[in-house]
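# Structural features, examined
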Amino acid sequence: MAGNDWINSYLEAILDVGPNLDDAKSSLLLRERGRFSPTRYFVEEVITGFDETDLHRSWVKAQATRSPQERNTRLENMCWRIWNLARQKKQLEGELAQRKAKRRLERERGRREATADMSEDLSEGEKGDIVSDVSAHGESNRGRLPRINSVDAMETWASQQKGKKLYIVLISLHGLIRGENMELGRDSDTGGQVKYVVELARALGSMPGVYRVDLLTRQVASPDVDCSYGEPTEMLTPRNSEDLMDEMGESSGSYIVRIPFGPRDKYIPKELLWPHIPEFVDGALSHIIQMSNVLGEQIGSGKPVWPVAIHGHYADAGDSAALLSGALNVPMLFTGHSLGRDKLEQLLQQGRLSRDEINTTYKIMRRIEAEELSLDASEIVITSTRQEIDEQWRLYDGFDPVLERKLRARIRRNVSCYGRFMPRMVIIPPGMEFHHIVPQDGDMDGEIEGNEEHPSSPDPPIWSEIMRFFTNPRKPMILALARPDPKKNITTLVKAFGECRPLRELANLTLIMGNRDGIDEMSSTNSSVLLSVLKLIDKYDLYGQVAYPKHHKQFEVPDIYRLAAKTKGVFINPAFIEPFGLTLIEAAAHGLPIVATKNGGPVDIHRVLDNGLLIDPHDQHSIADALLKLVADKQLWARCRQNGLKNIHLFSWPEHCKTYLSRIASCKPRHPQWQRSDDGAETSESDSPSDSLRDIQDISLNLKFSLDGDRSGASGNDNSLDSEANIDRKSKLENAVLSWSRGVLKEQKKAGSGDRADHSSSTGKFPALRRRKHIFVIAVDCDSNEDLLDAIRKIFEALEKERIEGSIGFILSTFMTIAEIHSFLISGGLNANDFDAFICNSGSELFYSTINPEDGPFVIDFYYHSHIEYHWGGEGLRKTLVRWAGSITDKKAGNEEQLVTAAEQLSTNYCYAFEVKNAGMVPPVKELRKLLRIQALRCNVIYCQNGTRINVIPVVASRSQALRYLYVRWGVDLSKMVVFVGDSGDTDYEGLLGGVRKSVILKGICSSASNQLHANRNYPLSDVMPVDSPNIIQTSQDCTSSNIRDSLENLLKS
């Protein structure tokens, strides 16, 4: 309510009413309070509280009431409501203080433990708690932002990029995105982010060294929106196309690529997109692979050209980019635009909604988890300002500026960080197009002289619309361009102008406060601000000195800037906090000096442009002094104008893209490591024996054979092995590969032998799952092996005919190790060749069944390890986990029995396993994830087997990601996969549902796991379950083989 004039009138009413109330007629509240002072109470308890517009409406009614008694009754009711609001305010402030204290303690404990693990002595760079301006690679960002400062430098940089042909993928999912005639403001999802990503894609596609840019978004084929949003592809025309024609290739340029996902005929808000994210990821993965192969044929000498980076915009796209980055093993970038934790804090402080109501409305907890995952997976996080880093990102578990500084210092010294990683926070302000802007050089006394390039033209209509307000329109114009929102602080600006007579005599004030038809039709918050402005104009008698037009069009905004520059005016942004301040850059491009708030992004802009003054938005005298100084001192005005025009190119799109591309170049290149030409894209009858032999030779190098199913690297908990173990393992692998190769040769001589496809004459191509028409993935998480075995037998029985024909294959996806699977298969009377592949350890290892069972049951895909090892914490992570496990004890027991113990025999190099004795007494999975993120350890924590086991694996690994890997590596069609799951499962259960895969939920299986593992989730499972998806079906409760068969037939028909 602070800053609204109705408060003053309400306060005056209380003052007026109070003394006239005798004891007999005084209100109950005042009598019971005795010495209660409404004035003091209102000022001390409420005036800094809530922007409660409902109170304003009540006061309007009270003010209009003529009867003193009724008026007093209304005022009494308002006092009670104010008291209640003040009580809520104190409660919320207490809760906020508790959250901050808890976060601070967790951070400090995490830093201490991380520092203790990193045993090297602290260097000077690691001491202290100040966030420096040094990047993770030691580059200094102090002072002015590091940018190109001349055309020659840009040309030099461009010449260095000539040989490169980069492919970049951008992702922005929500809103309506198209290249021209953007419907900005159509809804809350179609705003500044839409314009930003489109212009970024267009600008990147025009940069030297960039061959193709794809902006991936959602395809919307709804009757509620224009048909252009249903087009699969749209090319973005470059702004300076004539300069690029010589460099254009067949598929080069920038494109909007629309991927269909979610409801096909509905345009839905971003809060409802979460269940459909996996479907987008699968569709985007298909597009990227296809495009990489196409570009490989055009510019890659036949080898796929993988994206150099995948850049997610906003939380939903960040979640998608993290999954795509992991599936393709390419670097990821992230831009938050707006952050969930910051919004949650603001909503909680307002007190209008509870935490549960906030989550129900905004799906805020799912959004925050997506942002945490984006921090886990990103190489670089791009922000617009330092304020975004210091005030918003530091709220997240995955980013600690102090710990980041320590890690940077160790990187500079080339000292191990013990598996810890913090993404680089890089400030790159948004770019702008300046080629169409011609700074105003004339003034009100002398018009601009026309010439051939810029002939003189009639004044724009908006000029007369503004100048009609002024008695003397030739005075310098102070221009403010902002919504009538309390946060924009327009009333303080009007007060500063009204109370400074010298400023009023020298200048006019123009307030562009959006568009309105009538005040009554505006929102209550906006109308109250506008009414306050009008009252202040009347109070200070500013008629003829303040303009506040009702309407303007977007294309007229440049003309408004030009008018202010023509009068030698000043642009001001007095907002309490300004995240970036794009209007400041626009004003500078038109030759206007600026006065701006010292809170937020304007500080960075002023550091670069040096074209104005910063002010305290709460101090109206500071505002008036800064404006008066610029208006009165013509030399200062000219110097600020010149600095702005000289440095404005630093905020152009070419500058933005140059900094952007240089940051990408600093990332370690990553892409799929295998050679697809060696793998063989297809299996056909025309393949000669020599082709198959070459494949065998390549596979013997790429895939190592394991006779007994033991994990690689002994216990997996040491990064070094003794020499005898290495020699023994190497010899074992060599003998195994040779034996397997001999087995293939034997099979080739047996044309047509065997009753399954993997024993056919074409077995030179590996693995067998590449030739299946359908792949059935058994990912049922049961409490016991007997239940799992029973589920497998029912599925096999339902598909017995297709199994015998060999047209289908099976994958077993489980939390178990390969050794446990081997024992399980033997005890259940199953053969390893009943399955084509085994996804083990919750998705951290991938095995294939062998062609010749006599030589051993399994082949491990070591390429999968290189695919998922990014950000893997290794020994540093293991030590932290062991320490955490030691801290989990049964406090009620006299001996404080340890509840979580390390399972060395179940652990591997890429999966640290722990056994749990009492699952009900162990902290939920979200708490362990939080602890590890605070210590900059990036991993995926999964509670398995109804909470009796914990698997910790690489952050980009999971059972669902392993299926995407099979698609990337072997071309296994995801849409031909069917995943069997139970009613519930391990904590990675949600990842197994959704996407283009089909899913069958076996009712009655694993139903007990739901209560144990999913009760303490960060967000409800319903927020991410695509319940209406045609790709998901449930069996009947008894779940017999015939029920499974019927469900599959219905599913595959749809």
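What you are looking at is a predicted structure, and each value in this text was computed from that prediction instead of being measured.

### Description of the overall build of the chain
Looking only at helices and strands, the chain has 36 helices and 27 strands in total. Residues counted as buried form 58% of the 1054 residues belonging to the chain. The long-range fraction of contacts in the chain, counting pairs at least 24 apart against all pairs at least 6 apart in sequence, stands at 73%. A total of about 44,700 Å² of accessible surface is found on the chain, and carbon and sulfur atoms cover 48% of it.

### Considerations on the packing of aromatic side chains
By the definition in use, this model includes 18 aromatic pairs. For the pair Tyr 196 and Trp 653, a centre-to-centre distance of 5.7 Å together with 50° between the ring planes defines the contact as tilted. Of this pair, Tyr 196 sits in helix H7 (residues 192–205) while Trp 653 sits in helix H24 (residues 653–665), and the two are 457 residues apart along the sequence. Comparing Tyr 196 with Trp 653 shows no difference in burial state: the two are buried.

### A short note on helix H32 (residues 874–887)
With 14 residues, H32 extends 20 Å from end C-alpha to end C-alpha; this agrees with the ideal 20 Å at 1.5 Å per step. Of the positions making up H32, those classed as buried are Gly 874, Glu 875, Gly 876, Leu 877, Arg 878, Thr 880, Leu 881, Trp 884 and Ala 885.

### A look at the nonpolar core
Of all hydrophobic cores here, the largest spans 143 residues; its most connected members are Ile 171, Phe 280, Ile 778, Phe 838, Leu 966 and Phe 980. Once you skip the residues sitting within four places of it in the chain, Phe 280 turns out to touch Ile 171, Leu 173, Leu 216, Thr 217, Ile 259, Phe 261, Ser 320 and Leu 324. Formed by 72 residues, the second largest nonpolar core is a distinct cluster that contains Ile 490, Val 494, Tyr 540 and Ala 587.

### Details of the environment of Thr 217
With respect to the helices and strands, the residue Thr 217 is situated in strand E2 (residues 210–218). What makes Thr 217 buried here is its relative accessible area of 1%. When the C-alpha atoms of Thr 217 and Ile 177 are compared, they prove to be 7.5 Å apart, with 40 residues separating the residues in sequence. When residues no more than four places from it in sequence are discounted, the contact partners of Thr 217 are Ser 172, Leu 173, Ile 177, Ile 256, Val 257, Arg 258, Ile 259 and Phe 280. A distance of 3.4 Å separates a polar side-chain atom of Thr 217 from the backbone oxygen of Leu 173.

### Some remarks on the pattern of salt bridges
Here the structure, examined in full by the defined rule, presents 43 salt bridges. The partner of Arg 212 in a salt bridge is Asp 214, and the shortest N-O contact between them spans 2.9 Å. Owing to a relative accessible area of 5%, Arg 212 belongs among the buried residues under this scheme. Ionic pairing is found between Lys 488 and Glu 578, a salt bridge with its closest N-O pair at 3.5 Å. Here Lys 488 is found in the loop between strand E9 (477–481) and helix H16 (490–499), whereas its partner Glu 578 is found in the loop between strand E12 (570–573) and helix H20 (582–589), with 90 residues between them in sequence. Judged on exposure class, the residue Lys 488 and its partner Glu 578 are both buried. Beyond isolated ion pairs, a larger network of salt bridges with shared partners links Glu 369, Asp 376, Arg 933 and Arg 938.

### Points about the packing of H16 against helix H18 (residues 524–539)
The N-to-C vectors of H16 and H18 enclose an angle of 5°; their axes lie 9 Å apart at closest approach. In terms of axis orientation, H16 runs roughly parallel to H18. Along its contact with H16, which presents Ile 490, Thr 491, Val 494 and Lys 495, the element H18 presents Val 529, Ser 532, Val 533 and Leu 536. For the contact of H16 with H18, the residue count by class is five nonpolar, two polar and one charged.

### Here's the deal with the sheet that holds strand E13 (residues 594–597)
Spatial strand order, E11-E10-E9-E12-E13-E14: six strands in an open sheet with parallel pairing. Whereas interior strands pair on both sides, the edge strands pair on one side only; in this sheet they are strand E11 (546–547) and strand E14 (612–615). Sheet topology places E9 next to E12; two bridges connect them, and they run parallel. Within the sheet, the bridge partner assigned to Leu 479 lies in E12 and is Phe 571. Strands E13 and E14 of the sheet are contacted by helix H21 (residues 602–609), whose axis makes an angle of about 155° with E14.

### With respect to helix H12 (residues 364–377)
Because each turn of an α-helix spans 3.6 residues, side chains separated by three or four positions in sequence point in the same direction. The first and last C-alpha atoms of H12 sit 20 Å apart over 14 residues, in line with the 20 Å expected at 1.5 Å per residue. Most of H12 is tucked away: 14 of the 14 residues are buried.

Thresholds applied
- Residues numbered from 1 in each chain as written.
- Predicted model: local features only at pLDDT ≥ 70, side-chain atom pairs only at ≥ 80, totals over all residues.
- Heavy atoms only, no water.
- Helix = DSSP H or I, 4+ residues; strand = E, 2+ residues; numbered from the N terminus.
- Buried < 20%, exposed > 50% of the residue type's maximum accessible area, 1.4 Å probe, protein only.
- Contact = heavy atoms within 4.5 Å.
- Areas by Shrake-Rupley, 256 points an atom, 1.4 Å probe, with all protein chains shown as cover.
- Phe/Tyr/Trp six-rings, centres within 6.5 Å; stacked < 30°, edge-to-face > 60°.
- Expected span 1.5 Å × (residues − 1).
- Core = buried A, V, L, I, M, F, W, Y, C linked by side-chain atoms within 4.5 Å.
- Polar contact = N/O pair within 3.5 Å; in protein donor to acceptor, adjacent residues only side chain to side chain.
- Salt bridge = Lys/Arg side-chain N within 4 Å of Asp/Glu carboxyl O.
- Axes fitted to C-alpha atoms, helices over the stretch in contact; angles between N-to-C directions.
- Parallel < 35°, antiparallel > 145°, perpendicular 65-115°, else oblique.
- Nonpolar A, V, L, I, M, F, W, Y, C, P; charged D, E, K, R; others polar.
- Pairing = 2+ DSSP bridges.

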